[in-house]
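Now for the letters of each chain:
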Amino acid sequence: MASIAATGGLLFGFDTGVISGALPFIKNDLNIGESEVEDITTFAIIGAMFGALISGYLSDKLGRKRIILAAALIFLVGAITCGNANGVGGLMAARIFLGVGIGIASFATPLYLAEISPASIRGTLVSMFQLLITIGIFGAFLSDGAIADDANPSCWRNMFYVGTIPALVLLVGMFFLPESPRWLLSKGRDNEALKIMDKIEDPAVIAEEVNKMKSDIAQTKEEMSIAETFKQKWMFFPLMLAVLIMFFQQAVGINTVIYYGPSIFQKAGFESGEAAIMAQVSVGAVNVLFAIASLFLIDKLGRRKLFFLGMGGMVVTLLMIAYGFISLADDGANGQYLVVASMLLYIAFFAVSMGPLGWLIITEVFPTKVRGVGSSIGSLSNWGFNALIVWTFYKSIGAFTNAFDGKESYGTAGVFTMFAIIALIGIVWGYFFLPETKGKKLDEIENHWKNGGTPRTL
Ligand code: BGC
């Protein structure tokens, strides 16, 4: 059941990543400039913001299963309409539509996974979600790489069509999966819930689990008290943490590499679309490998150590990328390889730290009553900052290029230096504000805030 549901995570990764290999070809085939490239990329993220926004409400109203089925259908139709798009306008509209599916999947998949797994392996199944995103991204890069054909300018259309395969797996598979027992309980459909619990949970703990769910549901049902909870002064730290961890996750520029990687490699001198995509495939592989490493490290090293390791590594590697571009302007070829090598190191530092940390912290810092709403504020911030960075990437390169007398390599170096400065500010922020949540029970964290504690004293 979890493997089928987790296909939602794969599709989230696939459909965010697929654009990277498609862009160099779309650019030539549809004859567009960098500002339209930014629009086509960003519109899916805007769609995702919308999808994430409505899916909290809809998944409560219609149930988890129906909304994941709806996402699967959107993935399927979205992949076909993107591949079939007539011109730039059509492609932009299709990307917004596809994005809605991504947003729904980003919210509903982990929720369903958490609600349908037996208590004893819930943590593992949910933390696999980030890994599945990275596998989806890697899958997209690989398939882009296999399809890329410098002799066929419209090969990007096939890259999108490939997305119909995982979408079909999710659509057909999900059809046979049961509804979430927690949701059924919240609707008073106890008998149906118990039947499903019989299939998925250890009989010895069913009664206890059902009681726990019922008391959680009773707590979160008092709508007024959710609003009131957010007005409490001690909610400042959890809210600030959820928004700013996502700000720093995105503002270090991760998705400029994930979405625009091949175009960046082209700027660094790898001229053919095929060669640039092959460099991107190695980015995808490193991303998966280090996401696996983080599964082992996150509870061993703790959140803070991993944060400083990752952010510190990103400051250095971002500056190395910038230096690569500068030396590219000065003496050519060597810079090209420095850019690729430092990009791979940069991805490794991100994947082992900020990738999983962002999504983990937003589930840990909120009190039970507002955990659902709180973590959706976190994911909405994630998509919002993502859109902002991705939409301004080429514009910022343009602005820096003008400042450096029209030298584009210097302009690109300027943008990566800016990301390095943001990562440095993030380290200072983290030093003062990032709590160590390793080994803490969730109600321990909740009481800490309520008693006036600060992140550093946790
Ligand atoms: C981020 C995504 C990013 C992905 C890369 C996730 O944690 O939220 O924006 O594309 O990591 O692996």
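Throughout what follows, the structure given in this document is the object of discussion. Here the structure is a predicted model, which means the values were calculated and not measured.

## Re the overall build of the protein
Working step 1: Counting its secondary structure elements, the protein contains 20 helices and zero strands.
Working step 2: The C-alpha atoms of the protein give a radius of gyration of 22 Å, which matches the 23 Å a tight globule of 458 residues would have.
Working step 3: Oriented by its inertia axes, the alpha-carbon framework of the protein measures out at about 70 × 50 × 35 Å.
Working step 4: For the protein, the residues scored as buried account for 55% of the 458 residues in total.
Working step 5: Total accessible area on the protein stands at roughly 18,400 Å², and carbon and sulfur atoms take up 65% of it.
Working step 6: Where the 32 positive side-chain charges of the protein centre and where its 35 negative ones centre are 9 Å apart.

## Some remarks on the packing of helix H2 (residues 34-61) against helix H18 (residues 371-403)
Working step 1: Packing of H2 against H18 brings their axes to within 9 Å, and their N-to-C directions diverge by 175°. In terms of orientation, H2 and H18 fall into the roughly antiparallel class. Counting all contacts with H2, which are made through Glu34, Val37, Glu38, Asp39, Thr41, Thr42, Ile45, Ile46, Ala48, Met49, Ala52 and Leu53, the residues of H18 involved are Leu380, Trp383, Gly384, Asn386, Ala387, Val390, Trp391, Thr392, Phe393, Tyr394 and Lys395.
Working step 2: Considered class by class, the residues forming the contact of H2 with H18 number 14 nonpolar, five polar and four charged.

## Notes on helix H14 (residues 273-297)
Working step 1: Between its terminal C-alpha atoms H14 stretches 36 Å, which fits the 36 Å expected from 25 residues at 1.5 Å a residue.
Working step 2: Where H14 begins, one side-chain oxygen reaches toward the backbone nitrogen of Glu274, 3.3 Å away; that side chain belongs to Ser272.

## Points about the site of the ligand
Working step 1: In the neighbourhood of the ligand, the contacting residues comprise Gln130, Thr134, Ile137, Gln249, Gln250, Asn255, Asn287, Phe350, Gly355, Trp359, Asn382 and Asn386.
Working step 2: Between an oxygen atom of the ligand and a side-chain N or O atom of Trp359, the distance comes to 3.1 Å.
Working step 3: Protein chains bury 97% of the 310 Å² of accessible surface belonging to the ligand in isolation.
Working step 4: It is helix H5 (residues 122-147) that provides the largest number of residues to the shell around the ligand, a total of three residues.
Working step 5: Grouping the constituent residues of the shell around the ligand by class yields three nonpolar, nine polar and no charged.
Working step 6: Residue assignment places the shell around the ligand across two domains, with domain 1 (1-177) and domain 2 (226-458) each supplying three or more.

## Details of the pattern of salt bridges
Working step 1: Within this structure, the stated rule accounts for 13 salt bridges.
Working step 2: Between Glu115 and Arg64 there is a salt bridge whose closest N-O contact spans 2.8 Å. In this pair, Glu115 sits in helix H4 (residues 87-116) while Arg64 sits in helix H3 (residues 64-83), placing the two residues 51 residues apart along the sequence.
Working step 3: Judged by its relative accessible area of 7%, Arg64 falls in the buried class.
Working step 4: Connected through shared salt-bridge partners, Lys27, Glu34, Lys267 and Glu408 make up one network.

## A short note on unusual backbone geometry
In terms of backbone geometry, most residues other than glycine have negative phi values and most peptide bonds are trans.
Working step 1: Located in the positive-phi region is Asn31, a residue other than glycine, with phi close to 55°.
Working step 2: Along the chain, the position of Asn31 falls in the loop between helix H1 (2-29) and H2.
Working step 3: Phi at Asp405 is positive, roughly 55°, even though this residue is not glycine.
Working step 4: As for its position among the elements, Asp405 is in the loop between H18 and helix H19 (408-433).

## Focus: helix H17 (residues 354-364)
Working step 1: Counting buried residues in H17 gives nine out of eleven residues, a clear majority hidden from the surface.
Working step 2: Taken together, the buried positions of H17 are occupied by Met354, Gly355, Pro356, Leu357, Gly358, Trp359, Ile361, Ile362 and Glu364.

## Some details on the packing of aromatic side chains
To describe a pair of aromatic rings, one takes the distance between the centres and the angle between the planes.
Working step 1: Counted by the stated rule, this structure contains 21 aromatic pairs.
Working step 2: Their ring planes at 55° and their centres at 5.7 Å tell us that Phe404 and Tyr410 sit as a pair that is tilted.
Working step 3: Consider the rings of Phe416 and Phe419, whose centres lie 5.8 Å apart with planes at 80°: the pair is edge-to-face. Of this pair, Phe416 and Phe419 both sit in helix H19, three residues apart, roughly one helical turn. In this structure, Phe416 and Phe419 share a single accessibility class: buried.
Working step 4: Positioned over the ring face of Tyr431 is Arg304, at 6.0 Å from the centre of the ring.
Working step 5: The residue whose ring lies beneath Lys395 is Trp391, and the NZ or CZ to ring-centre distance is 3.9 Å.

## As for the environment of Phe230
Working step 1: For Phe230, the location among the structural elements is in helix H11 (residues 223-231).
Working step 2: Residue Phe230 is classed as partly exposed on the basis of its relative accessible area, which comes to 21%.
Working step 3: The sequence separation of Phe230 and Val257 amounts to 27 residues, and the corresponding C-alpha distance is 36 Å.
Working step 4: Aside from chain neighbours lying at most four places away, what touches Phe230 is Met235, Leu239, Val370, Val373, Gly374 and Ile377.

## Here's the deal with the side chain of Glu38
Working step 1: Note on placement: Glu38 falls in helix H2.
Working step 2: On the basis of relative accessibility, which here comes to 0%, the residue Glu38 falls in the buried class.
Working step 3: Of note is the side chain of Glu38, whose polar atom sits 3.3 Å from the backbone nitrogen of Phe393.
Working step 4: Residues in contact with Glu38, not counting those within four places in the same chain, are Tyr260, Val390, Trp391, Thr392, Phe393, Tyr394 and Lys395.

Calculation criteria
Residues numbered from 1 in each chain as written. Predicted model: local features only at pLDDT ≥ 70, side-chain atom pairs only at ≥ 80, totals over all residues. Heavy atoms only, no water. Helix = DSSP H or I, 4+ residues; strand = E, 2+ residues; numbered from the N terminus. Rg over C-alpha atoms; globule rule 2.2 N^0.38 Å. Buried < 20%, exposed > 50% of the residue type's maximum accessible area, 1.4 Å probe, protein only. Areas by Shrake-Rupley, 256 points an atom, 1.4 Å probe, with all protein chains shown as cover. Lys, Arg positive; Asp, Glu negative; His and termini not counted. Charge placed at Lys NZ, Arg CZ, Asp CG, Glu CD. Axes fitted to C-alpha atoms, helices over the stretch in contact; angles between N-to-C directions. Parallel < 35°, antiparallel > 145°, perpendicular 65-115°, else oblique. Contact = heavy atoms within 4.5 Å. Nonpolar A, V, L, I, M, F, W, Y, C, P; charged D, E, K, R; others polar. Expected span 1.5 Å × (residues − 1). Polar contact = N/O pair within 3.5 Å; in protein donor to acceptor, adjacent residues only side chain to side chain. Near = heavy atom within 4 Å. Domains from an automatic or database assignment. Salt bridge = Lys/Arg side-chain N within 4 Å of Asp/Glu carboxyl O. Phe/Tyr/Trp six-rings, centres within 6.5 Å; stacked < 30°, edge-to-face > 60°. Lys NZ or Arg CZ within 6 Å of the ring centre and 35° of its normal.

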